[in-house]
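Given next are the chains, with one letter for each unit.
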Amino acid sequence: MIVLRIRILFLVPFLFLFANLAFSDNILIEHDYYKYDKEKKIHSYGHPRLKLGSSTISGNWLDYDKQKEMMLFQGNISVHLPKVLLTGDQAEFNLKNSTSVLYNATIYDQTNNTFGEAEKIEQVTPEKFIIHKGSLTTCEPGSKVWELRGRRMVYMVDNFAYSVNTTVHFYTLPVFYSPYLSWPTKKDRSTGLLFPEIVQQSSSDDTKNYGTRIKIPYFIALDKDHDLTVTADLILKRGIGIDLDYQYAFLPGMQGYFQAWYLDESREDRDLDEENLGSLDKENDKFDLRPERKKYVFKHKQNIFLGGQVVFTQLENSDNEINREYFGSTETLDSQFKQTLDVTFPWRGGSLSFSYQTENEFLQSSIYDVSTDEDTHLNKRPEIALNQLFTGIAGTPLSLKLTGIWTEYERTYGWNGTVKKGSTKISYPLFIDFLNIKPSINRDYYRYTINYKYEPGEEESIDVDEFPDDFGWFIDTKNVELSFEVFKYFYNQDNQKTGKLSFVPKFIYEEVEDFEQVFPDEDDFGLGDVVTSQKTHTYRLETTYLVKNPVTNKVRKVFQLNLTQIYDLNSELCLAEDGVTEKYCVYNHPADSETAEAEIGDPKLPLRIEMIVSPTDKFSGSLFYRYHHEEKRIVETRISLSTTFTNGGRFLLSYINNEKKYFAPDGTENAVAQSYKINNLFKLSNNLDLEISGKWDQTNNNPEYRYAHNSDYKSLNRQLEEFSLGITYKHKCYNFSAVYSEDIKTKELEGVTTEHLEQKIFFTLTIPFMPKSNGSSLGNLPYTQEYQLN
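Every value quoted in this text rests on a predicted model; they were computed, and no experiment measured them.

Peer 1: I'd like a rundown of the overall build of the protein, residues and numbers included.
Peer 2: Assigned secondary structure in the protein consists of four helices and 49 strands. Evaluated residue by residue, the protein yields a buried proportion of 39% over its 790 residues. Restricting the contact set of the protein to residue pairs at least 6 apart, pairs at least 24 apart contribute 47%. Of the roughly 43,200 Å² of accessible surface on the protein, 53% is carried by carbon and sulfur atoms.

Right, dumping it as structure tokens:
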């Protein structure tokens with residue numbers, strides 16, 4: 001039975017009429033005007049406000065048909081739900097099945113900040129809505145830049161949504177179409193179709209241009225502890241690829257993932273004169289111009305007993321170009337197969353670890369000629385390391401480290417063998433009053449077992465010993481450091497320490513002793529690198545000034561000046577006698593006067609002066625000099641300046657001027673250089689960034705340097721080696737960037753390495769879309785357009 005209760009309230013100077021009408025136990029209406037049509041049995045209300053369950057509905061007018069249990073709202077309608085707000089010009093509410101329809105309507109999901117407009121919105125349940133001929137966006141209604149449009153969208157609050165015949169519009173321009181699109185509408189992980197990634201690549205080298213690439217990922221929340229993402233990788237000029245990404249964490253302390261990618265290339269029009277396809281033998285039946293490209297990576301990490309941890313990794317690539325061509329890698333030579341296992345047991349003062357690595361390496365960068373990688377080799381490296389810190393001996397710590405490595409080289413042809421390496425390191429730092437003494441001794445043991453296998457058709461030679469005797473050596477590394485500190489504290493008026501000036505003189509002796517490291521017949525068999533012998537005295541003075549904020553207790557280095565004088569004792573031995581001269585000057589010590597830091601026989605190397613200043617948190621600078629005593633001048637200069645601004649901008653500048661190539665005592669090569677580098681970010685406004693970076697190499701101005709290469713190398717007469725100019729606009733609802741870049745690249749044509757200028761323009765549009773299914777952040781619609789100008 002329906003009961004009508006009317007209460008009249010007079011307010012002066014206005015008259016408002018309010019009534020409470022209970023249609024059921026959970027319906028309540030407030031209004032300022034009421035009339036009843038006896039013929040049609042229609043209750044009409046002016047400016048009604050209806051409480052219907054958890055919903056609050058208001059509008060300009062309400063007609064209630066008691067017999068049909070239908071409500072018709074008109075004008076400025078708003079429906080407030082716990083998580084959703086609906087508005088419309090007209091609305092029909094069916095009290096029998098608890099459904100409603102709004103016309104010329106909007107919907108707002110406050111949890112996901114999603115706003116929609118539609119010709120008609122049906123509310124099927126309190127959480128499910130059907131949007132007809134409508135649009136959705138995460139932009140604010142007043143600054144709607146992009147929107148997703150569909151003929152029919154089903155939106156379920158805190159669950160997922162899907163759309164049929166969907167287009168994404170950027171302003172009024174459609175940029176993407178999909179017959180079906182699905183996405184999650186909750187912050188937690190949820191199964192659904194994630195938004196695609198679009199990349200457009202254009203290059204003057206048509207053989208390297210794969211055109212438009214669209215990645216469409218579908219996320220499957222298998223359970224709370226594992227999920228799977230399946231991505232369709234549509235590459236216009238290559239084919240259709242598939243990407244699988246599986247992640248799991250079944251137990252506390254366990255996590256892992258498996259990622260696999262496959263593409264059956266369909267492109268055949270390759271230019272074999274331009275591309276590096278190995279031997280370039282077009283008649284070679286091992287050329288496959290429609291190869292299968294595939295890769296996978298598996299990693300598992302888990303905590304185990306005794307506080308230990310095990311990490312297992314395995315990866316495999318079908319070719320050496322796959323990661324550079326499709327995944328943005330910069331590696332020159334990838335691994336064909338790699339497997340690693342690391343087990344560690346830590347304890348107080350030490351640890352025990354075991355690692356095993358197997359790696360099959362590509363030898364060539366060719367993609368399509370599989371014959372170039374016939375001579376791949378497999379490296380197996382089991383390793384055991386034991387670390388233990390002993391304390392209590394004369395009140396000082398004793399550190400002991402033991403390692404053992406066995407490496408097997410399994411090559412198809414050429415030198416095969418096994419390298420066994422052991423290492424022992426002992427350090428015993430002492431702190432006696434003001435004097436610090438840090439000695440350490442390390443011995444590396446090497447043992448080689450090798451054999452040689454001829455290639456098919458290769459002539460046997462009497463100069464090649466297929467099974468030479470085992471051989472090996474050991475290398476001793478000795479190091480001792482003596483130092484002490486003289487310092488002075490500075491205080492403020494409250495007697496708090498605010499500054500510290502310290503002077504630390506150091507004496508360092510380093511020696512790498514190796515009198516037996518010589519391969520038979522001066523051949524390293526491709527199994528290892530020769531270690532440079534070293535014997536140096538180093539005198540170093542470190543001057544440092546630190547400041548401390550007494551409120552935050554933050555310490556900052558304001559100034560540091562380091563003076564380092566190295567004496568290369570091996571240089572003296574080069575003049576001692578012929579035998580020693582041959583050993584140190586030919587095998588291990590750079591005796592060439594053009595690459596030695598000082599004259600042979602003079603152990604005193606150029607003085608190294610390093611200064612670092614940082615007067616504020618926003619600015620730092622460094623200066624490095626090498627002062628040559630004999631020439632009485634500075635032979636190398638390095639300058640670096642960096643600063644950041646309060647608005648987020650930055651400025652970085654570095655300069656290096658090294659007049660001649662030289663080798664440091666440890667064998668490190670330092671090339672001739674006179675170059676500048678800059679990397680600057682200018683915040684033109686809150687939304688607009690301008691970034692400029694470049695590298696200028698002035699050694700290219702030197703004709704002697706430019707023409708030092710032989711006829712097999714052709715260089716460009718150009719100082720600017722790298723340059724990039726980019727502008728980024730950050731809107732509330734999207735990011736847009738345009739980048740112009742120049743870079744000098746090399747390629748080999750008819751046996752001649754030739755430099756050429758590569759120019760590119762990148763346009764990237766990133767649209768923040770609906771929540772990602774893993775709940776970490778908003779998803780993106782990235783669109784990248786690349787043009788290569790040359």
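Now, onward.
Peer 1: Just give me the short version of the pattern of salt bridges, but keep the residues and values in it.
Peer 2: Opposite charge on two side chains permits pairing when their charged atoms draw close. The final tally for this structure, using the stated rule, is 25 salt bridges. Between E265 and R293 there is a salt bridge, with its nearest N and O atoms 2.5 Å apart. Within this pair, whereas E265 is found in the loop between β22 (254–264) and β23 (292–303), its partner R293 is found in strand β23, the two being separated by 28 residues in sequence. In this pair, the class of E265 matches that of R293, namely buried. Across the pair E542 and R540 runs a salt bridge whose closest N-O atoms are separated by 2.8 Å. Classification of E542 by relative accessible area gives buried; the value is 16%.

Peer 1: Give me unusual backbone geometry: which residues, what numbers.
Peer 2: You will see that N76, though not glycine, has its phi angle at about 50°, which is positive. At L306, a position not held by glycine, the phi torsion is positive, near 60°. One can find L306 in the loop between β23 and β24 (309–317). Relative accessible area serves as the criterion here: at 70%, L306 is assigned to the exposed category.

Peer 1: So what's going on with the side chain of T166? Residues and values would help.
Peer 2: Its location among the elements puts T166 in strand β15 (residues 160–170). Within the local environment of T166, its side chain forms a polar contact with the side chain of S163, the two groups lying 2.5 Å apart. Dropping the residues within four chain positions of it, T166 is found in contact with L148, R149, G150, F176, Y177, S178 and L181.

Peer 1: Give me the lowdown on the nonpolar core, citing residues and values where you can.
Peer 2: With 44 residues, the main nonpolar core has M71, F73 and L86 as its most contacted residues. What L86 contacts, discounting residues up to four positions off in sequence, is I77, S78, V79, L81, L102, T106, I107, I121, Q123 and F129.

Peer 1: Talk me through the state of the cysteines; I want residue IDs and the actual numbers.
Peer 2: Tallied over the entire structure, the rule returns one disulfide. Bridging C139 to C733, the disulfide has an S-S length of 1.3 Å. Because the torsion about its S-S bond is -95°, the bridge between C139 and C733 counts as left-handed. Remark: C733 occurs in the loop between β46 (720–730) and β47 (735–749) and C139 occurs in the loop between β13 (128–137) and β14 (146–156); sequence separation between them is 594 residues. C139 gets classed as buried once you look at its relative accessible area, which sits at 4%. Classification of C733 by relative accessible area gives buried; the value is 3%.

Peer 1: Give a description of the packing of aromatic side chains that names residues and reports values.
Peer 2: Counted by the stated rule, this structure contains 27 aromatic pairs. Arranged with centres 5.2 Å apart and planes meeting at 5°, the rings of Y448 and F471 form a pair that is stacked. Taken as a pair, Y448 in strand β31 (residues 435–453) and F471 in strand β32 (residues 471–483) lie far apart in primary sequence, 23 residues in all. Relative accessible area serves as the criterion here: at 4%, Y448 is assigned to the buried category. Each residue in the set F170, Y171, Y729 and Y734 is aromatic and connected to the rest through ring pairs, giving one cluster.

Peer 1: A description of the pairing of strand β9 (residues 70–80) should follow, citing residues and the corresponding values.
Peer 2: As paired elements, strand β7 (residues 55–58) and β9 share three bridges and run antiparallel to each other. Note on β9: the bridge partner recorded for S58 is S78. Judged from the five bridges that link them, strand β8 (residues 61–65) and β9 form a sheet pairing that is antiparallel. Looking at β9, one finds that L62 is bridged to F73. Between β8 and β9, which pair antiparallel one after the other, the connecting turn spans four residues, and E69 there sits at a positive phi close to 55°. With nine bridges connecting them, β9 and strand β10 (residues 84–94) associate as antiparallel partners. Among the inter-strand pairings, V79 is bridged to a residue of β10, identified as L86. Remark: three residues form the turn of the hairpin made by β9 and β10, two consecutive strands paired antiparallel.

Peer 1: Any details on a nonpolar patch on the surface? Residues and values, ideally.
Peer 2: Together, W347, L352, F354, I384 and W406 make up a nonpolar patch on the protein surface, roughly 430 Å² of accessible area in all. By the secondary structure assignment, L352 is in strand β26 (residues 350–361).

Peer 1: Outline a negative patch on the surface, supporting the account with residue identities and numerical values.
Peer 2: The grouping of E455, E458, E459 and E460 at the surface amounts to a negative patch. Tracing the sequence through the fold places E455 in the loop between β31 and β32.

Peer 1: How would you explain the pairing of β14 if you had to name every residue and give the values?
Peer 2: The element β14 is largely enclosed, with a buried count of eight among its 11 residues. One ladder, built from nine bridges, connects β14 with β15; its direction is antiparallel. Among the inter-strand pairings, G150 is bridged to a residue of β15, identified as T166. Counting the residues in the hairpin turn of β14 and β15 gives three residues, including D158, whose phi is positive at 55°.

Peer 1: How would you summarise the environment of H132 if you had to cite specific residues and measurements?
Peer 2: Within the secondary structure, H132 sits in strand β13. With 29 residues separating them in the primary sequence, H132 and Y103 have C-alpha atoms 9.7 Å apart. Residues within four places of H132 in sequence aside, it is in contact with A118, E119, K120, E122 and R151.

Peer 1: Quick rundown of the environment of V480? Include the residues and the values.
Peer 2: Tracing the backbone through its elements, the reader meets V480 in strand β32. Each C-alpha atom, one on V480 and one on F507, is 8.2 Å from the other, the two residues being 27 residues apart in sequence. Excluding its chain neighbours within four sequence positions, the residues that come into contact with V480 are I437, K438, P439, F507, I508 and Y509.

Peer 1: Can you lay out the confidence of the model for the protein for me, pointing to particular residues and giving the numbers?
Peer 2: The predicted coordinates of low-pLDDT regions are not to be read in fine detail. Considering every residue of the protein, the mean pLDDT works out to 80; 78% of them sit at 70 or more. The low-confidence segment residues 1–25 (pLDDT under 50) makes 43 contacts with residues lying over four places distant or belonging to another chain. Confidence over residues 771–779 falls short of pLDDT 50; this stretch has 27 contacts with residues more than four positions distant or in other chains.

Peer 1: Can you lay out the side chain of Q259 for me, pointing to particular residues and giving the numbers?
Peer 2: Note that Q259 resides in strand β22. A polar atom in the side chain of Q259 sits 3.1 Å from the side chain of D243.

Rules of the game
- Residues numbered from 1 in each chain as written.
- Predicted model: local features only at pLDDT ≥ 70, side-chain atom pairs only at ≥ 80, totals over all residues.
- Heavy atoms only, no water.
- Helix = DSSP H or I, 4+ residues; strand = E, 2+ residues; numbered from the N terminus.
- Buried < 20%, exposed > 50% of the residue type's maximum accessible area, 1.4 Å probe, protein only.
- Contact = heavy atoms within 4.5 Å.
- Areas by Shrake-Rupley, 256 points an atom, 1.4 Å probe, with all protein chains shown as cover.
- Salt bridge = Lys/Arg side-chain N within 4 Å of Asp/Glu carboxyl O.
- Polar contact = N/O pair within 3.5 Å; in protein donor to acceptor, adjacent residues only side chain to side chain.
- Core = buried A, V, L, I, M, F, W, Y, C linked by side-chain atoms within 4.5 Å.
- Disulfide = S-S within 2.5 Å.
- Phe/Tyr/Trp six-rings, centres within 6.5 Å; stacked < 30°, edge-to-face > 60°.
- Pairing = 2+ DSSP bridges.
- Patch = residues over 30% accessible without salt bridge, like charges linked within 9 Å, V, L, I, M, F, W, Y side chains within 5 Å.
- Lys, Arg positive; Asp, Glu negative; His and termini not counted.
- Charge placed at Lys NZ, Arg CZ, Asp CG, Glu CD.
- pLDDT = per-residue confidence, 0-100.

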